[in-house]
Amino acid sequence: SSVLSNLYAVDVASGATRAITSTANPESSPFGLVMMGDRVYYGALHGDFLGLASTTLAGGEPQTHETGDGHVTNISARSGKLLFQRLDADQQMHVWGMNPESGAIRQLTAGGGETLKSISPDGKWFTYTVSDSTRGVWIMSTDGGEGRLFSATALQGLGGFSPDSRYVVTLEYETDAAGLIRNLMKVAPIEGGPVVDLRLPQRSEDIQAMPGTNRITFIDAANPNRNLYFTELGADANVRQLTHFSEGAVTDHQWSDDGKQLAVARRLADGENVWLLKPDGTSPKQVTRFTGLDVLQMAWAPDNT
């Protein structure tokens, strides 16, 4: 199969939607996106390699960024720091950083292969895993230096940060009283201290941190409409329902950086569209009017508009 994709900018106040790329073929279609400043960074094909490009929210001619000989397979940006992972010709993958102003790139991790997991909201830390083990989450400064093993028992699937950048959330397995294997999240402070266990429903997906709170939100795939639920990272770990859609299915959600708006992608019979809600999950408002298209990914502009 092949996919033709483009980037769109949506004004959350008016719902006005405009394309900011004009891709005509699958080979030059953008994949993935992150926002930093007034620019959208995304993956794009450069010669023989998957590389990195960017454009402004106003659109215009894309800018190609030099990322060396290797495939850029993951891009992440927070608080002025842009990181990506690159698969080199020797099939080893490492984490790199790029200076957005100069375009200079710098290799941050070195070894037998490392995978970028997450950047802290304050841009100071990132987590990664190594390819020679199925367990272990590592942490390193986004400025480089020595990485340290943060959790030796954590599975490789998760290494996210709390909204205040003080905690790392990792994933392990546990066996319940019935002998069934369940997911167990561990919330551990970066600077050391007590670790809190967090248990979410087994079919939890798309786990996100809500800015300005100690709350995480997630899709419960066991819900017929894949509604959003939330829980606190502290002692109050009760799971509560956030959205109450009775048709279609939620496929993605993203909080604005100020935590005052929630964007969700919903799949209905005529395709997927973006909806806005208040932080308490009420007042859903459809803002895009695509027909027969899929929303592959969403990212908020830093000014939350």
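Nothing here was measured: the structure is a model prediction, and the numbers come from that model. (Residues numbered from 1 in each chain as written. Predicted model: local features only at pLDDT ≥ 70, side-chain atom pairs only at ≥ 80, totals over all residues. Heavy atoms only, no water.)

Chemist: Just checking my understanding: could you explain the sheet that holds strand E3 (residues 31-36) for this structure?
Modeler: Backbone-to-backbone hydrogen bonds join strands into a sheet, with any given pair of strands oriented parallel or antiparallel. Read from one edge to the other, the open sheet built from 4 strands follows the order E3-E4-E5-E6, with strand pairing classed as antiparallel. Each end of this open sheet is capped by a strand with a single partner; those strands are E3 and strand E6 (59-65). Within this sheet the neighbouring strands show an average axis-to-axis angle of 35 degrees, counted without direction. With 4 bridges connecting them, E3 and strand E4 (residues 39-46) associate as antiparallel partners. For methionine 35, the partnering residue across the bridge sits in E4 and is valine 40. (Pairing = 2+ DSSP bridges. Helix = DSSP H or I, 4+ residues; strand = E, 2+ residues; numbered from the N terminus. Axes fitted to C-alpha atoms, helices over the stretch in contact; angles between N-to-C directions.)

Chemist: What is the right way to read the packing of aromatic side chains from this model?
Modeler: Where two aromatic rings form a pair, the distance of their centres and the angle of their planes describe that pair. Evaluation of the coordinates by the stated rule reveals 5 aromatic pairs. Ring centres of tyrosine 128 and tryptophan 138 lie 6.3 Å apart, and the angle between their planes is 25 degrees; on these two criteria the pair is classed as stacked. Separated by 10 residues along the polypeptide, tyrosine 128 in strand E12 (residues 125-130) and tryptophan 138 in strand E13 (residues 135-141) bring together distant segments of the chain. Arranged with centres 6.4 Å apart and planes meeting at 70 degrees, the rings of phenylalanine 245 and tryptophan 275 form a pair that is edge-to-face. In this pair, phenylalanine 245 sits in the loop between strand E22 (240-241) and strand E23 (249-255) while tryptophan 275 sits in strand E25 (residues 271-277), placing the two residues 30 residues apart along the sequence. Put simply, the rings of Phe126, Tyr128 and Trp138 touch in pairs and so form one group of aromatic residues. Lying over the aromatic face of phenylalanine 230, arginine 215 brings its terminal NZ or CZ to 4.0 Å of the ring centre. The residue whose ring lies beneath arginine 266 is phenylalanine 245, and the NZ or CZ to ring-centre distance is 4.0 Å. (Phe/Tyr/Trp six-rings, centres within 6.5 Å; stacked < 30°, edge-to-face > 60°. Lys NZ or Arg CZ within 6 Å of the ring centre and 35° of its normal.)

Chemist: I would appreciate a short explanation of the side chain of threonine 217 in the present structure.
Modeler: By the secondary structure assignment, threonine 217 is in strand E20 (residues 215-220). For threonine 217, the side chain forms a polar contact with the side chain of histidine 253, separated by 2.7 Å. A polar contact is formed between the side chain of threonine 217 and the side chain of tryptophan 255, at a distance of 2.9 Å. The contacts of threonine 217, once residues within four sequence positions are left out, are Asp206, Ile207, Gln208, Tyr229, Phe230, Leu242, His253 and Trp255. (Polar contact = N/O pair within 3.5 Å; in protein donor to acceptor, adjacent residues only side chain to side chain. Contact = heavy atoms within 4.5 Å.)

Chemist: What should I look at first to understand the sheet that holds E12 in this one?
Modeler: As summarised here, the arrangement of the 4 strands in space is E11-E12-E13-E14, forming an open sheet in which the pairing is antiparallel. Strand pairing shows two members of the sheet lacking a second neighbour, strand E11 (114-119) and strand E14 (148-155), which therefore form its edges. On average, each strand axis in the sheet is tilted by 30 degrees relative to the strand beside it, whichever way the strands run. Note that E13 and E14 share 4 bridges and pair antiparallel. Residue pairing in the sheet places isoleucine 139 in a bridge with arginine 148 of E14.

Chemist: Whenever I open this one, unusual backbone geometry confuses me. Can you help?
Modeler: Leaving glycine aside, a negative phi is the common case for residues, and trans is the common case for peptide bonds. In this model, serine 79 sits at a positive phi of 50 degrees, which is unusual for a non-glycine residue. We classify serine 79 as exposed; its relative accessible area is 52%. The phi angle at arginine 226 is positive, at roughly 50 degrees, despite the residue not being glycine. Along the chain, the position of arginine 226 falls in the loop between E20 and strand E21 (228-232). (Buried < 20%, exposed > 50% of the residue type's maximum accessible area, 1.4 Å probe, protein only.)

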